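Examining the three-dimensional arrangement
Here's the letter readout for the chains.
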Amino acid sequence: WARRHKLVGTVDGCLSSYAYTLLVIHFLQSTQPPVVPNLQVLATEPVLVWDNKWGTIDRWDTKFVEDVESLPPSRNREDIGQLLINFFKYFGHIFDWHAHAVCMRLNRPGAAIDKF
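Below or above, wherever it landed, is the structure these notes cover.

The next subject is the overall build of the chain. Within the chain, the secondary structure is distributed over 3 helices and 2 strands. The helix and strand sequence of the chain, counted from the amino end, reads α-α-β-β-α. Considering only C-alpha atoms, the chain reaches an extent of 40 × 40 × 25 Å along its principal axes. Counting all 116 residues of the chain, 20% fall into the buried class. Taking the intrachain contacts of the chain between residues at least 6 apart in sequence as the baseline, contacts between residues at least 24 apart amount to 43%.

Residues three or four positions apart in an α-helix share a direction because the helix packs 3.6 residues into each turn. For helix 1 (residues 17-30), with 14 residues, the first-to-last C-alpha span of 20 Å sits near the 20 Å given by 1.5 Å per residue. For helix 1, the full list of buried residues reads Leu23, His26, Phe27, Leu28 and Gln29. Those residues of helix 1 that are buried lie in contact with helix 3 (80-94).

Moving on, we come to the nonpolar core. Among the nonpolar cores identified, the biggest contains 8 residues, and these are Leu23, Phe27, Leu28, Leu83, Phe87, Tyr90, Phe91 and Phe95. Counting residues per element, the ones that place at least two in this core are helix 1 and helix 3. Discounting residues that sit within four places of it in the chain, Leu23 has contacts with Leu15, Phe87, Phe91, Trp97 and Val102.

What follows is about the pairing of strand 2 (residues 58-61). In summary, the side chains of a regular strand alternate between the two faces of the sheet. Relative to strand 2, strand 1 (residues 48-51) runs antiparallel, the two sharing 4 bridges. The residue bridging Trp50 from the neighbouring strand is Arg59, located in strand 2. Connecting the antiparallel pair strand 1 and strand 2 is a turn made up of 6 residues, with Gly55 showing a positive phi of about 90°.

Procedures and definitions
- Residues numbered from 1 in each chain as written.
- Predicted model: local features only at pLDDT ≥ 70, side-chain atom pairs only at ≥ 80, totals over all residues.
- Heavy atoms only, no water.
- Helix = DSSP H or I, 4+ residues; strand = E, 2+ residues; numbered from the N terminus.
- Buried < 20%, exposed > 50% of the residue type's maximum accessible area, 1.4 Å probe, protein only.
- Contact = heavy atoms within 4.5 Å.
- Expected span 1.5 Å × (residues − 1).
- Core = buried A, V, L, I, M, F, W, Y, C linked by side-chain atoms within 4.5 Å.
- Pairing = 2+ DSSP bridges.

Written as structure tokens, this is what we have:
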């Protein structure tokens, strides 16, 4: 859709296809009931990665559920058209761009990701 409407490409001042993918996953995790689960929230054992690339030591928890076959199917029954409408409604009117960041890793009901 975005490519067809010439809305993809950072050179042209648009979002990249990767950014659109993150927005879609975030939305599909945020809608109620969720279409896709947050695989990191469902994981139980931490998988820590240490990084000091930017001059400070950072710790990242990279855990996620690997056995997706064991996950129950989504209870969301919205068709693709309704999901698309709700996607634009969510990011156009509900999501607070000034206070929050799109984050699939920490995305869960009621969580607010501070972008600062």
